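Observations on chain architecture
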Amino acid sequence: MDSRLQQPIDTEIETASGGGPVPHVDVILVGAGLSGIGAAWHLQDRCPDRTYLILEGREAIGGTWDLFRYPGIRSDSDMYTLGFSFRPWREAKAIADGPSILSYVRDTAREAEINRNIRFRHHVKRADWSSAEARWTVEAERTDSGERVRFTCNWLHMCSGYYNYAEGYLPDFPAMDSFQGRLIHPQFWPEDLDYTGKKVVVIGSGATAVTIVPEMAKDAGHVVMLQRSPTYMVSRPSEDGIANWLRKRLPAKLAYDIVRWKNVLLQLFFFQLARKRPEKVKEKILEGVRDLLPPGYDIATHFTPRYNPWDQRLCLVPDADMFEAITKGSAEIVTGEIESFTPAGLLLKDGRTLDADIVVTATGLKLQLLSDVAFTVDGEAHNLSKALTYRGMMFSDVPNLSYSFGYTNASWTLKADLTSAYLCRMLNHMKTKGADMAMDSREPDVEEIPFLDFTSGYVKRALDILPKQGARKPWKLHQNYALDLASLRYGKIEDGVIEFSRASVRAKEAA
Ligand SMILES: Cc1cc2nc3c(=O)[nH]c(=O)nc-3n(C[C@H](O)[C@H](O)[C@H](O)COP(=O)(O)OP(=O)(O)OC[C@H]3O[C@@H](n4cnc5c(N)ncnc54)[C@H](O)[C@@H]3O)c2cc1C
């Protein structure tokens, strides 16, 4: 590892505020979640002579896996694909609990000495690009003191996730204030909540509700999952038998790579099958549900969505825990629309009432791309929702800015890893070429299509704030690991679209 990265940056770079000198690094990463830690690892590995800093708004590493603390918090994709490409997942459970994922991210950061390059409690508020200087000035607010501090960098890579950390999504249900019990959003789970023996209603039918309901049902008096409409649910064992067998017999990294590819290919196969033969896949999913529930259970009402499989994300039920809770009677699904809250619980539009001591609003996330950062390019405010995404990691007409955004139909880290590795290739290419600026200029004839083609409520609500993708390469988002692997790992950096330039040449041309 390069000696500069070995030095504790605290002594090398002092945070500047007010009029003092502004510290400079080659790359700033925003966010110390799975994406930020993974990107830092790739930078250290592939660009060891480049300096970098991670600015993290919170006090800890882990992002999602540190923020969410609700009962049963777990992944809903397997850790062989949610884990980093470079670090084998060694635990028996492939569908892992939140604390194990958090330890995995933190251990990665500690072992690679990434921690020393993280500035915690630095919430990035704005980023201003200057083409003349070929650098970003990044301004962050210190969440402990409110002080504004500035840094400069040549490249800015946003690993800030995809949702608002300060607020979850909560529909404006009538008379919510009249409810006399406890109202809880899963994004802000109170540590002191004792639900033993309590009547609980969980509003929602997504991955969060499907995790919380069977877990709370173990101790609560009774748990109702109240859904407006059903979601496709698929049960899988939380342990991967093949993976555990291979891990005992092969070196850890080899076993990990084999299982990772097995899972990538299986996921691709099922996704493509769902797109080509939705009726067949729907029938198979419902057959699986029927096998796990008592005879005569109303599957048409509670488990049959109005859309096709993979028009929205499927919900994973590890070890059939949700179905077991329903069979035992400790959990129940109610399908209906909320008319209003009442002091005792909820009134539904069809007149039914649900009594509750606790209502959990598992109603989702507020999507937010690139956090709440305000961007300017050469003094002009840049609205990224108007931009076209380039290879799912940059924006048209914005130089030296990239972002990490995972798959909607597969594990996030598969794409985050490819993005980080591509970024390193590009930085190395720029170094060899002597370029200090990379920008994809939008071509006028590229047809725009929505960034995500999911029908989920949280995606539809956010389409206005998301950038667009193009109908053709390299502006098209594949949502397909194999195609992205070909494009990002083996594709040419000089693709005839992205332009690399040097400040001195730009200045001469301008003159
Ligand atoms: C409950 C839940 C379960 C999930 N389960 C899965 C799953 O099983 N499989 C899967 O593929 N995906 C899952 N996801 C998606 C998940 O978010 C990603 O897998 C992954 O954790 C994203 O990592 P990230 O580092 O990109 O973003 P995050 O984990 O969101 O981390 C972003 C970090 O950036 C910081 N940050 C944000 N804005 C700023 C700013 N302006 N300045 C400084 N710092 C900032 C945040 O504080 C945070 O630490 C899940 C999401 C949720 C909410």
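Residues numbered from 1 in each chain as written. Predicted model: local features only at pLDDT ≥ 70, side-chain atom pairs only at ≥ 80, totals over all residues. Heavy atoms only, no water.

Okay, the overall build of the protein next. Helix and strand content of the protein: 16 helices and 28 strands. The principal-axis extents of the C-alpha atoms in the protein amount to approximately 75 × 50 × 50 Å. Out of the 511 residues in the protein, the part that is buried amounts to 55%. In the protein, 72% of the contacts between residues at least 6 apart in sequence involve partners at least 24 apart. Element-wise, carbon and sulfur atoms account for 51% of the exposed surface of the protein, whose accessible area totals about 22200 Å². Across the protein, the 63 positively charged side chains and the 67 negatively charged ones have centroids separated by 4 Å. (Helix = DSSP H or I, 4+ residues; strand = E, 2+ residues; numbered from the N terminus. Buried < 20%, exposed > 50% of the residue type's maximum accessible area, 1.4 Å probe, protein only. Contact = heavy atoms within 4.5 Å. Areas by Shrake-Rupley, 256 points an atom, 1.4 Å probe, with all protein chains shown as cover. Lys, Arg positive; Asp, Glu negative; His and termini not counted. Charge placed at Lys NZ, Arg CZ, Asp CG, Glu CD.)

Moving on, we come to the layout of surface pockets. Considering only enclosed or pocket space, the second largest pocket measures out at about 1100 Å³ in volume. Take the lining of the second largest pocket: its biggest share by element is nine residues, from helix 9 (residues 252-276). Here the residues of the lining of the second largest pocket sort into 23 nonpolar, 10 polar and nine charged. (1 Å grid on protein atoms, 1.4 Å probe; cavity = no way out; pocket = protein on both sides within 12 Å on 5 of 7 lines; lining within 4 Å. Points joined across faces, edges and corners; volume = space filled by probe spheres on them. Nonpolar A, V, L, I, M, F, W, Y, C, P; charged D, E, K, R; others polar.)

Moving on, we come to the confidence of the model for the protein. When pLDDT is averaged across the protein, the result is 93; 96% of the residues are at 70 or more. Below pLDDT 50 for its whole length, residues 1-18 participates in 46 contacts with residues either more than four positions away or in separate chains. (pLDDT = per-residue confidence, 0-100.)

Its 14 residues place the ends of helix 6 (residues 98-111) 20 Å apart at the C-alpha level, agreeing with the 20 Å of an ideal helix rising 1.5 Å per residue. Within the sequence span of helix 6, burial applies to Gly98, Ser100, Ile101, Leu102, Tyr104, Val105, Thr108 and Ala109. In the core, the buried residues of helix 6 are packed alongside helix 3 (34-46), helix 4 (64-67), helix 5 (79-82) and helix 9. (Expected span 1.5 Å × (residues − 1).)

Applying the stated criterion across every chain yields a total of 31 salt bridges. Close ionic contact of Arg116 with Glu113 constitutes a salt bridge, the shortest N to O distance being 3.0 Å. What makes Arg116 partly exposed here is its relative accessible area of 27%. According to the relative accessible area criterion, Glu113 is partly exposed, its value standing at 30%. Across the salt bridge formed by Lys218 and Glu215, the nearest N and O atoms sit 2.9 Å from each other. (Salt bridge = Lys/Arg side-chain N within 4 Å of Asp/Glu carboxyl O.)

Time to look at the pairing of strand 3 (residues 52-55). Burial along strand 3 is two-sided: Tyr52 and Ile54 and Leu53 and Leu55, pointing in opposite directions, are all buried. Bridge count between strand 2 (residues 24-30) and strand 3: four bridges; the pairing is parallel. Bridge pairing in strand 3 links Leu29 to Ile54. As for the winding sense of the linkage, the β-α-β connection from strand 2 through helix 3 to strand 3 is right-handed. When strand 3 meets strand 4 (residues 118-119), the two strands line up parallel, connected through two bridges. (Pairing = 2+ DSSP bridges. Right-handed = clockwise from strand over helix to strand, strands pointing away.)

So, on to a nonpolar patch on the surface. A cluster of nonpolar side chains, namely Leu266, Phe269 and Phe270, defines an oily patch on the protein surface of about 290 Å² accessible area. Within the secondary structure, Phe270 is located in helix 9. (Patch = residues over 30% accessible without salt bridge, like charges linked within 9 Å, V, L, I, M, F, W, Y side chains within 5 Å.)

Next up on the list: the sheet that holds strand 15 (residues 338-342). Whenever strands of a sheet pair, they do so through backbone hydrogen bonds, lying parallel or antiparallel. Read from one edge to the other, the open sheet built from three strands follows the order 15-16-17, with strand pairing classed as antiparallel. Either end of the sheet is taken by a strand with one partner, and the two such strands are strand 15 and strand 17 (353-355). Neighbouring strand axes in the sheet, compared pairwise and without regard to direction, differ in orientation by 20° on average. When strand 15 meets strand 16 (residues 345-348), the two strands line up antiparallel, connected through four bridges. Note that in strand 16 the partner of Ile338 across the bridge is Leu348. (Axes fitted to C-alpha atoms, helices over the stretch in contact; angles between N-to-C directions.)

This part covers the site of the ligand. In the neighbourhood of the ligand, 34 residues make up the surrounding shell, with Ser35, Glu56, Asp76, Ser77 and Tyr165 lying closest. Between an oxygen atom of the ligand and a side-chain N or O atom of Tyr165, the distance comes to 2.6 Å. Surface burial for the ligand is 95%, taken as the share of its 980 Å² of free accessible area covered by protein chains. With three residues, the single largest contributor to the shell around the ligand is strand 5 (residues 122-130). (Near = heavy atom within 4 Å. Polar contact = N/O pair within 3.5 Å; in protein donor to acceptor, adjacent residues only side chain to side chain.)

So, on to empty space enclosed by the protein. Taken as a whole and judged by the stated rule, the model has one cavity of 30 Å³ or more. If you add up the space inside the largest cavity, you get close to 30 Å³. Gly406, Tyr407, Lys415, Leu477, His478, Gln479 and Asp484 together form the lining of the largest cavity.

What follows is about the sheet that holds strand 10 (residues 199-203). A sheet is described by the order of its strands in space; here five strands give the open sequence 9-18-10-11-14, paired in parallel fashion. Each having just a single partner strand, strand 9 (182-184) and strand 14 (331-335) make up the two edges of the open sheet. This sheet shows a mean twist of 20° between the axes of neighbouring strands, independent of strand direction. With five bridges connecting them, strand 11 (residues 222-227) and strand 14 associate as parallel partners. Bridged to Leu226 within strand 14 is Val334.

Moving on: the nonpolar core. With 151 residues, the main nonpolar core has Ile37, Trp136, Leu156, Phe375, Leu401 and Met426 as its most contacted residues. A per-element tally of this core places helix 13 (residues 412-433) first, with 10 residues. By size, the runner-up hydrophobic cluster in this structure holds 15 residues, among which are Ile203, Val224, Leu226 and Val359. (Core = buried A, V, L, I, M, F, W, Y, C linked by side-chain atoms within 4.5 Å.)

On to the pairing of strand 5, then. Pairing of strand 5 with strand 6 (residues 135-142) involves eight bridges; the strand directions are antiparallel. What sits directly across from His122, in strand 6, is Arg142. Note: strand 5 against strand 20 (residues 374-377), four bridges, orientation parallel. Among the inter-strand pairings, Trp129 is bridged to a residue of strand 20, identified as Val377.

Once that is clear, we can look at the side chain of Asp26. Note that Asp26 resides in strand 2. Relative accessible area serves as the criterion here: at 18%, Asp26 is assigned to the buried category. At a separation of 2.8 Å, a polar atom in the side chain of Asp26 contacts the main-chain amide nitrogen of Thr51.

Looking now at the state of the cysteines. Counting across every chain of the model gives zero disulfides. You can see Cys153 has no disulfide; the closest cysteine sulfur is in Cys159, sitting 12 Å from it. (Disulfide = S-S within 2.5 Å.)

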